[in-house]
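Notes for the structure review
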Amino acid sequence: REMAEWKMKQPSEGWKLQMERLSTAMVKQRELAAVIFFLVDALLTYVIIAKVPYTEIDWIAYMQEVEGVMGGEYDYSQLRGQTGPLVYPGGFVWIYAGLRKLTDDGKDIAAAQKLFFVVYLLTQAVVMRIYVTTKLVPAWALGLLIMSKRMHSIYVLRMFNDCVAMLIFF
């Protein structure tokens, strides 16, 4: 008798199948939303780069700091930029040394913004994938990722070093 009561409280196989179908549909909905939001964000970020002026904060200092390393100086106490001594780890130096080479010694801001546009989109794609995979975030919430004025500013208008770190971190 106890076993019969316990079995009655268990969900039926049909109910389990319906829940699995609903879960699959919700994942597909989140995946579609992620793709749509990603494409909208790519367009939005492109427009931001085209219409909003670049803001110099640290880019020149980063280029000055890595210039020393590229010239053969590896003593951190000797590496400086306009904002002071180099305080970032070696990985930063090599990543920004590569960026310096790709941007005409850091002078081609448009090329740098395009590179950070790619870093931004890669970071957004990874974060959206995490959100979709967790199955905890509703599809509409993915839209919140693309609405951050600060994120766009940090990545494509100011090109801060944190951007590359976040891509690697995620």
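So, a few notes on the structure that sits alongside this text. (Residues numbered from 1 in each chain as written. Predicted model: local features only at pLDDT ≥ 70, side-chain atom pairs only at ≥ 80, totals over all residues. Heavy atoms only, no water.)

Focus: a nonpolar patch on the surface
- Where nonpolar side chains cluster on the molecular surface, the patch consists of Ile130, Met166, Phe169 and Phe170 and spans about 400 Å² of accessible area.
- Summarising the element assignment, Phe170 is placed in the segment after helix H8 (162–169).
- For Phe170, a relative accessible area of 42% translates into the label partly exposed. (Patch = residues over 30% accessible without salt bridge, like charges linked within 9 Å, V, L, I, M, F, W, Y side chains within 5 Å. Areas by Shrake-Rupley, 256 points an atom, 1.4 Å probe, with all protein chains shown as cover. Salt bridge = Lys/Arg side-chain N within 4 Å of Asp/Glu carboxyl O. Helix = DSSP H or I, 4+ residues; strand = E, 2+ residues; numbered from the N terminus. Buried < 20%, exposed > 50% of the residue type's maximum accessible area, 1.4 Å probe, protein only.)

A few points about the environment of Met26
- Mapped onto the secondary structure, Met26 falls in helix H2 (residues 13–51).
- Its relative accessible area of 38% is what places Met26 among the partly exposed residues.
- Separated by 112 residues in the primary sequence, Met26 and Pro138 place their C-alpha atoms 8.4 Å from one another.

Describing unusual backbone geometry
- One non-glycine residue, Asp104, adopts positive backbone phi at about 55°.
- When you line up the elements, Asp104 lands in the loop between helix H4 (90–102) and helix H5 (109–134).
- We classify Asp104 as partly exposed; its relative accessible area is 47%.
- Although it is not a glycine, Lys135 adopts a positive phi angle of roughly 60°.
- With respect to the helices and strands, the residue Lys135 is situated in the loop between H5 and helix H6 (142–145).

What is shown is where atoms sit, not what they do.
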